[in-house]
Amino acid sequence: MSLDRSQQLELYSRMLRIRRFEEAIVAHYPVGHLSIGQEGAIVGACMALRDDDYVTGTHRSHGHPIGKGAAINPLMAEIFGKRTGICKGLGGSMHLTDTSLGLICESAIVGGGFPLATGAGLSIQVRKSDQVSLCFFGDGAANQGTFGESINMAAIWKLPVIYFCENNGYAVTTSVAASHGQPDIARRADGYGIPGVIVDGQDADAVYEVTQAAVDRARAGEGPTLIEAKTYRFDEHSNRLAIPIRYRSDEEIAFHRNERDPITLYRARLVAGGLAAEVEAIEAEVTCIMADAVQFAKDSPEPELSDLTDNMFSNPINFPVTREGIFGDA
Ligand SMILES: Cc1ncc(C[n+]2csc(CCOP(=O)(O)OP(=O)(O)O)c2C)c(N)n1
Ligand SMILES: [Mg+2]
């Protein structure tokens, strides 16, 4: 099943929102791990999901909520650490999420999303709901023990989970070639008796199609699928992180930026399909959305000190919290 034209335009808009959001961060509040270069994989996958489907994410956390269609202002304010942020300014760049859209969390613990997404899948099965749960993870996370433990359980219980690897070729400075016995993570699916699919992560339509097939399978009660989108991180592992070693060549980076940019490739496809005017309108709109979001974030108030102990599942802290520290006198 393919996306119709209006869905393709929405897909383009969401990819562009991720790119412009992160460019705004670099310009105004340079923190975090950027998804630039990986937008095709993220949004292609999210377009196969309903609003009430669950998603877990990673430390590279800006793309997933935007890919699922979250409002931009609260996400930007969160980056700026403001009270109007989606996590009230207390989560920050690695925990951007929007629970109103089924985003359970973005986990900065590498491999931490597997059990959470699997648990959400179990919850769906117990409640006899027809939702699905999608777990974004990186190639580095695939070598955590939680990968095998979670996927095996989902396989034997036929949980409605899609394990979606954004394989960008590196875990910080460690290449897939240096850390995986065989480089195709999706081939591991065979060991759990579930389908494994490799897809070009820079082709958002192709990503959508394989994810939609996995979602249909999960909703039909046939269990999990492991998808591996081959993608590429254009920027450094983390914004402003100075990496003292050369672990990839300038030629490699230039090739991906110039020849394999998922947004450029998708734009060309839409324009060739006669949608140039619509594409330009989206580009103008996204520029305005980001300018508004940055202004909103700048104008928003800082959190109050008392916010520190609010919004907890239980709040055992019964002493005054002061600027001098939680054990202060006042
Ligand atoms: C359990 C754990 N170990 C180590 C780290 C430090 N760390 C943060 S990101 C990262 C690399 C993750 O690589 P990958 O899963 O490929 O995701 P990518 O950064 O490429 O998106 C590491 C080792 C961590 N956050 N959690
Ligand atoms: Mg990686």
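Computed from a prediction, not measured in an experiment: that's the story for all the values here.

Asks: I keep staring at the overall build of the protein and nothing clicks. Help me out?
Replies: Across its full length, the protein carries eleven helices and eight strands. If one aligns the C-alpha atoms of the protein with their principal axes, the spans along those axes are about 60 × 50 × 45 Å. Counting across all 330 residues of the protein, residues that qualify as buried make up 49%. With the model as given, the accessible surface of the protein reaches about 14600 Å², and the carbon-plus-sulfur share is 54%.

Asks: Help me understand the coordination of the magnesium ion (ligand 2), please; the structure alone is not making it clear to me.
Replies: In an ideal octahedron of six donors the angles at the metal are 90 or 180 degrees, and in an ideal tetrahedron of four donors they are 109.5 degrees. Summarising the metal site, the magnesium ion (ligand 2) is bound by the protein donors Asp139 (OD), Asn168 (OD1) and Tyr170 (O), whose distances to it range over 2.1 to 2.3 Å. Counting gaps between the donor residues of the magnesium ion (ligand 2) yields the pattern D-x28-N-x1-Y. Separated by 31 residues along the polypeptide, Asp139 in the loop between β3 (133-138) and α6 (145-157) and Tyr170 in strand β5 (residues 170-171) bring together distant segments of the chain. Classification of Asp139 as buried rests on a relative accessible area of 2%.

Asks: Explanation requested: the environment of Gly145 in the structure shown.
Replies: Residue placement: Gly145 occurs in helix α6. Separated by 97 residues in sequence, Gly145 and Ala48 have C-alpha atoms that sit 28 Å apart.

Asks: Explain the sheet that holds strand β1 (residues 54-57) here, please?
Replies: Paired through their backbone hydrogen bonds, the strands of a sheet run either parallel or antiparallel. Spatially, the six strands line up as an open sheet ordered β2-β1-β3-β4-β8-β7, and their pairing is parallel. Edge positions in the open sheet fall to β2 (103-106) and β7 (196-200), since each of these has one partner strand only. When the angles between neighbouring strand axes are averaged without regard to direction, this sheet yields 15°. Where β7 lies against strand β8 (residues 225-230), five bridges are found, and the strand directions are parallel. Looking at β8, one finds that Val199 is bridged to Ala229. Each of β3, β4 (161-167) and β8 is contacted by helix α2 (residues 39-46), which is oriented at about 170° to β3, the strand it contacts most. Lying on the sheet, α6 is in contact with β3, β4 and β8; it crosses β4 at an angle near 150°.

Asks: Any chance you could explain the site of ligand 1 here in plain terms?
Replies: Contacts to ligand 1 come from 15 residues, most closely from His59, Arg60, Gly140, Asn168 and Tyr170. Here an oxygen atom of ligand 1 and a side-chain polar atom of Arg60 are 2.7 Å apart. Between ligand 1 and the protein, one listed contact pairs an oxygen atom with a backbone N or O atom of Tyr170 at 2.9 Å. Its free accessible area being 580 Å², ligand 1 has 69% of it covered by the protein chains. According to the grid-proximity analysis, the pocket containing ligand 1 is the largest pocket.

Asks: I'm lost on the pattern of salt bridges in this one. Help?
Replies: Charged atoms that come close allow side chains of opposite charge to pair. This structure, assessed with the given rule, holds 18 salt bridges. Taking the shortest distance from any N to any O, the salt bridge between Arg19 and Asp261 comes out at 3.0 Å. In this pair, Arg19 sits in helix α1 (residues 5-28) while Asp261 sits in the loop between α9 (250-259) and α10 (262-272), placing the two residues 242 residues apart along the sequence. By relative accessible area, which is 9% here, Arg19 ends up buried. Close ionic contact of Arg50 with Asp130 constitutes a salt bridge, the shortest N to O distance being 2.8 Å. Taken as a pair, Arg50 in the loop between α2 and β1 and Asp130 in the loop between α5 (113-126) and β3 lie far apart in primary sequence, 80 residues in all. On the basis of relative accessible area, Arg50 is assigned to the partly exposed category, the value being 30%. The network of salt bridges with shared partners includes Glu10, Arg14 and Arg17.

Asks: Quick question: what am I supposed to make of the environment of Ile79 here?
Replies: Considering the arrangement of structural elements, one finds Ile79 in helix α4 (residues 72-79). Judged by its relative accessible area of 3%, Ile79 is buried. With 144 residues separating them in the primary sequence, Ile79 and Gly223 have C-alpha atoms 36 Å apart. Setting aside chain neighbours within four positions, we find Ile79 in contact with Phe21, Ile25, Tyr29, Val31, His62, Ser93 and Leu96.

Reading the values: rules and limits
Residues numbered from 1 in each chain as written. Chains lettered and ligands numbered in written order. Predicted model: local features only at pLDDT ≥ 70, side-chain atom pairs only at ≥ 80, totals over all residues. Heavy atoms only, no water. Helix = DSSP H or I, 4+ residues; strand = E, 2+ residues; numbered from the N terminus. Buried < 20%, exposed > 50% of the residue type's maximum accessible area, 1.4 Å probe, protein only. Areas by Shrake-Rupley, 256 points an atom, 1.4 Å probe, with all protein chains shown as cover. Donors = N, O, S within 2.8 Å, 3.2 Å for Na, K, Ca; no water. Pairing = 2+ DSSP bridges. Axes fitted to C-alpha atoms, helices over the stretch in contact; angles between N-to-C directions. Contact = heavy atoms within 4.5 Å. Near = heavy atom within 4 Å. Polar contact = N/O pair within 3.5 Å; in protein donor to acceptor, adjacent residues only side chain to side chain. 1 Å grid on protein atoms, 1.4 Å probe; cavity = no way out; pocket = protein on both sides within 12 Å on 5 of 7 lines; lining within 4 Å. Sits in = over half its atoms within 2 Å of the grid points. Salt bridge = Lys/Arg side-chain N within 4 Å of Asp/Glu carboxyl O.

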